[in-house]
Protein chains: 2
Amino acid sequence: MLELPAVWSPECLTHAPEAEIWVGVRTPGTEVPQRATVLRDAVAAAGARLVAATRHPDDALRAVHDAGLLGHLASVHDDWVAAGFDKDPGQDRVVPYVFPTPAMLDGLPARDPAAVHARAGRYCYDTMTLVGPGTWTAARAAVDAALTAADLVAAGGRAAYAICRPPGHHATPAGYGGSCYLNNAAVAAQALRFSGAARVAVIDIDAHHGNGTQAIFYERGDVTYGSVHVDPGAGWFPHYAGFADETGRGAGAGANRNVPIPPGTGDAGWLEAVTEVCVAAAAHRPEAVVLSLGVDAAAGDPESPLLVTREGYAATGALIRDLGVPVVAVHEGGYHLPTLGDLTVAVLSAL
Amino acid sequence: MLELPAVWSPECLTHAPEAEIWVGVRTPGTEVPQRATVLRDAVAAAGARLVAATRHPDDALRAVHDAGLLGHLASVHDDWVAAGFDKDPGQDRVVPYVFPTPAMLDGLPARDPAAVHARAGRYCYDTMTLVGPGTWTAARAAVDAALTAADLVAAGGRAAYAICRPPGHHATPAGYGGSCYLNNAAVAAQALRFSGAARVAVIDIDAHHGNGTQAIFYERGDVTYGSVHVDPGAGWFPHYAGFADETGRGAGAGANRNVPIPPGTGDAGWLEAVTEVCVAAAAHRPEAVVLSLGVDAAAGDPESPLLVTREGYAATGALIRDLGVPVVAVHEGGYHLPTLGDLTVAVLSAL
């Protein structure tokens, strides 16, 4: 029986990208609205108490994201429609086509382009993360779910779960990508800080490195970040981040711990890596943990080459529980709908 | 009658991208192989002497481009095929999907990703500039055409024309995009320097700003860059560069002159801007000029909102001629096949 509250917002269903552009080809996306209802139904069936997300102010959100990104996400689809792009077949969602990479800019500043079709690439760093009419509403609702879960823990709860969709851990201070728009886990960690936790640890067990969360806290010592994920050096997203030598900077030096693992890793190697991340987190004596809960390291998941089982996920949850501090679990990835709910319940049951 | 030599390589036809990805939608490209044959036939009919491009060593090429870009372009399609991407429908050309923008990296270095599908975005900054099996051959042949034309001028010719395709002026030291792979004009300017010209001026009359050429020479005083183009601040490619306040840096301070003009500009405004660019170039007392010759500012061109006429192009050629130094004309853009040849002849006749 799950005894924890699970925060839910029906607005998370309004984001329906319907496709992603993968090396130039329109393909069906795996980050579908049904993920949220599968999670809701699974945790409710397991006994979790569903709690409605409540609307929160922007203070924690603005503490982790730049105003430029927030303004862009809130307005870009309206601007897209105003420019008439939605009139053309297949162009009803915002997809960038030009990106101000270092190779392009070569030292020039990345100004905000005048044209909406160029501005998209100023903030979005891939072609997979489409913006439609309901994207902002859903992303903002996912933030409210994370903040509501953080409230429950700040009020004395041992654990709370936020059914966040779209996910968030690839969203950087000023950029979105990897099917993420706003960094729900980072916002929850910031809210816990605002609520009085002196130190917060974010632990990320999604199969992919949370480059966004890392970037947000990279120079901070009050919120640590640790992640186990498939090695980007073996060719996996996010490709440019998630390496073991990224350990933090300035006040955050030593507060970032990446444990990349090779494709094909199963429970044994996975749990060893999770343990390493937990030990690093514990060393910073956190007063609360935010768990970036993806279950896409599972053997059946289409988005990673890892082979974690249900037992491995249950043991992962136990390792987090053993840290002995309250946990806000924020959903990230997991794309195999038949097992998504059960694997998530396996982690949450152990908490 | 055209009296100048026109350098031609049939290998420029081997690049046949067949499409570009524009805001996520596969569309027919306008930078088609036929552009080269139209130009060849038009200048030959006007009396130009066709000269075969000869193979040149890489010294000038390596002086303007990073080794990483050259290695990538030479190998990426083979790597793409080796990874099996060409087996899937619509994936026979290399198209990036993730880009290491400043918003993504947030201070991390842009390492070369292990996976070819990610590495593409390390060097290519848009989704329009596809790499197929013949792209490297054609891009390298266009460089040889530019170098052969530079040889003819270095040997005492008053002017020479290189039928370069693909075009080049959007290729930066380490990046490709905007249908450009290698910067033919920059290589020609570098070769003229190697041949003994103390100062070279690149004058770019393509409708779009040559952000690549600007970047290559931005910190150099020996090669100046001047461009007239549709204002990127009005929403035109390359969006992030081409503003009037980009004037050069270090040894190149004051040696870069951008004259952006508004959409809808016709001959009068165009020639005023070309004059400004020529005056700036003359102030540096160049011993040779490289003309980045695009004719896409023409009223009928699909790729720009400018309204230059045939008479405007003839007057443009006269302004270049009046600089009184030898000219290597390197073809850039121009996408309206029915007028492409005639407008080009209009410029070249005046030289």
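It should be emphasised that the depicted structure is a prediction, and the values quoted were computed from it without experimental measurement. (Residues numbered from 1 in each chain as written. Chains lettered and ligands numbered in written order. Predicted model: local features only at pLDDT ≥ 70, side-chain atom pairs only at ≥ 80, totals over all residues. Heavy atoms only, no water.)

Draft legend 1. Expanded view of the pairing of strand β5 (residues 159–162) of chain B. Residue and element names in this part refer to chain B. Residues of β5 alternate between two faces, with A159 and Y161 on one and A160 and A162 on the opposite face, all of them buried. Sheet topology note: the strand β1 (residues 5–8)/β5 ladder contains two bridges and is parallel. Residue V7 lies in a different strand from β5, and its bridge partner there is A162. Pairing between β5 and strand β10 (residues 327–331): four bridges, direction parallel. For A160, the partnering residue across the bridge sits in β10 and is V328. (Buried < 20%, exposed > 50% of the residue type's maximum accessible area, 1.4 Å probe, protein only. Helix = DSSP H or I, 4+ residues; strand = E, 2+ residues; numbered from the N terminus. Pairing = 2+ DSSP bridges.)

Draft legend 2. Highlighting the relation of the copies chain B and chain A. Mapping chain B onto chain A calls for a screw motion: a turn of 180° about the axis and a shift of 0.0 Å along it, with 0.0 Å RMSD after fitting. Look at the turn and shift together and you get a two-fold axis relating the two. Relative to the rotation axis, the closest C-alpha in chain B is found at T101(B), a distance of 2.2 Å. Of all interface residues in chain B, 100% are interface residues in chain A too; the two copies therefore contact each other through one and the same surface. (Least-squares fit on C-alpha atoms with pLDDT ≥ 70 in both. Contact = heavy atoms within 4.5 Å.)

Draft legend 3. Representation of the sheet that holds strand β7 (residues 223–230) of chain B within the structure. All names here are of chain B. Taken together, eight strands build an open sheet; the order of strands is β4-β1-β5-β10-β9-β6-β7-β8 and the sheet is parallel. Each edge of the open sheet carries a strand with a single partner, namely β4 (49–52) and β8 (256–261). Neighbour-to-neighbour, the strand axes of the sheet open up by a mean angle of 20°, direction not taken into account. For β7 and β8, the ladder comprises six bridges, and the chain directions are parallel. For S227, the partnering residue across the bridge sits in β8 and is N258. In this fold helix α7 (residues 184–194) packs onto β6 (200–204), β7, β9 (288–293) and β10, with an angle of close to 170° to the strand it touches most, β9. (Axes fitted to C-alpha atoms, helices over the stretch in contact; angles between N-to-C directions.)

Draft legend 4. Examining the layout of surface pockets more closely. Estimates place the volume of the largest pocket at around 540 Å³. Lining the largest pocket we find 26 residues, and of these E20(A), M128(A), H208(A), F237(A) and E303(A) sit closest to its centre. Residue composition of the lining of the largest pocket, by class: 10 nonpolar, 11 polar and five charged. The wall of the second largest pocket is formed by 26 residues, among which E20(B), M128(B), H208(B), F237(B) and E303(B) lie closest to the centre. For the lining of the second largest pocket, the class distribution of residues is nine nonpolar, 11 polar and six charged. (1 Å grid on protein atoms, 1.4 Å probe; cavity = no way out; pocket = protein on both sides within 12 Å on 5 of 7 lines; lining within 4 Å. Points joined across faces, edges and corners; volume = space filled by probe spheres on them. Nonpolar A, V, L, I, M, F, W, Y, C, P; charged D, E, K, R; others polar.)

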